[in-house]
Every structure is written in structure tokens, then in C-alpha cells.
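Examination of the molecular architecture
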Amino acid sequence: MVFTLEEAESRLGKLLDLARSGEEVVITRDGKTVAKLVAAGQESGKLRLGAMKGEFSYKEGWDKPLTDEEADAFWEGRW
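Residues numbered from 1 in each chain as written. Predicted model: local features only at pLDDT ≥ 70, side-chain atom pairs only at ≥ 80, totals over all residues. Heavy atoms only, no water.

Let us now look at the pairing of strand β3 (residues 32-37). Little of β3 sits inside the fold, with zero of its six residues counted as buried. Summarising the sheet, strand β2 (residues 25-29) and β3 pair through five bridges and their orientation is antiparallel. Within β3, the residue paired with Val-25 across the bridge is Leu-37. Between β2 and β3, which pair antiparallel in sequence order, lie two residues; one of them, Asp-30, sits at a positive phi of approximately 55 degrees. (Buried < 20%, exposed > 50% of the residue type's maximum accessible area, 1.4 Å probe, protein only. Helix = DSSP H or I, 4+ residues; strand = E, 2+ residues; numbered from the N terminus. Pairing = 2+ DSSP bridges.)

Below, the structure written as C-alpha cells:
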């Protein structure tokens, strides 16, 4: 649900009730999103550590330090 800042200011109690019931409340200013209001605890429920475990694989040695030459190439945009 989307509300302007002016609407949010005058209806804060109602918006809190909506968020508590599971609605994501978006607040806009000048047509641009400036905030999202969600129930406490929901914001951390969307992302959790290890949620994608087993979904990716890496080649052996992917974490080895770069040589000076490789690092220079990376920072100069040649890699």
C-alpha cells in the first residue's frame, strides 16, 4: 500500500495497524519512495544467513590472493 508523506502523517496509527497485520506500507514524497513500514521482526525475516547454501559452487582456488600483476590489472580495468 502506498501513501504520501502527508497521508502518513495524518494516519500513522492506521499505517502501524496495517504493518502489524503484514502489509508493507510504502511512504512517498514528491512521487518517490522514501520509506517502507513493516512490522518489527519482518525486515530480518526476508534475508537470513545461509538462505542460499548449496545454490552456488566455486572453482578451487577462487579465494587465493591476487598477485601484484593481477591486482594492477584489476584496478586498471584490464581484467
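For the structure shown, the criterion picks out two aromatic pairs. With 5.1 Å between their ring centres and 80 degrees between their planes, Phe-74 and Trp-75 make a pair best called edge-to-face. (Phe/Tyr/Trp six-rings, centres within 6.5 Å; stacked < 30°, edge-to-face > 60°.)

A cluster of acidic residues, Glu-6, Glu-7, Glu-9 and Asp-30, forms a negative patch at the surface. Position of Glu-7 among the secondary structure elements: in helix α1 (residues 5-10). (Patch = residues over 30% accessible without salt bridge, like charges linked within 9 Å, V, L, I, M, F, W, Y side chains within 5 Å. Areas by Shrake-Rupley, 256 points an atom, 1.4 Å probe, with all protein chains shown as cover. Salt bridge = Lys/Arg side-chain N within 4 Å of Asp/Glu carboxyl O. Lys, Arg positive; Asp, Glu negative; His and termini not counted. Charge placed at Lys NZ, Arg CZ, Asp CG, Glu CD.)

It is worth spelling out the pattern of salt bridges at this point. This model, assessed by the stated rule, comprises three salt bridges. With its nearest N and O atoms 2.7 Å apart, the salt bridge here joins Arg-20 to Asp-17. A residue pair is termed a helical-turn pair when its members lie 3 or 4 positions apart in one helix, as Arg-20 and Asp-17 do in helix α2 (residues 12-20) at three residues. With a closest N to O distance of 2.8 Å, Arg-78 and Glu-76 form a salt bridge. Residue Arg-78 shares its accessibility class with Glu-76, and that shared class is exposed.

On to a nonpolar patch on the surface, then. On the surface, a cluster of nonpolar side chains totalling about 560 Å² of accessible area is made up of Met-52, Phe-56, Tyr-58 and Trp-62. For Met-52, the position within the fold is in the loop between α3 (42-45) and α4 (68-75). Here Met-52 falls in the partly exposed class, since its relative accessible area comes to 48%.

Just geometry here; none of it tells us what the structure is for.
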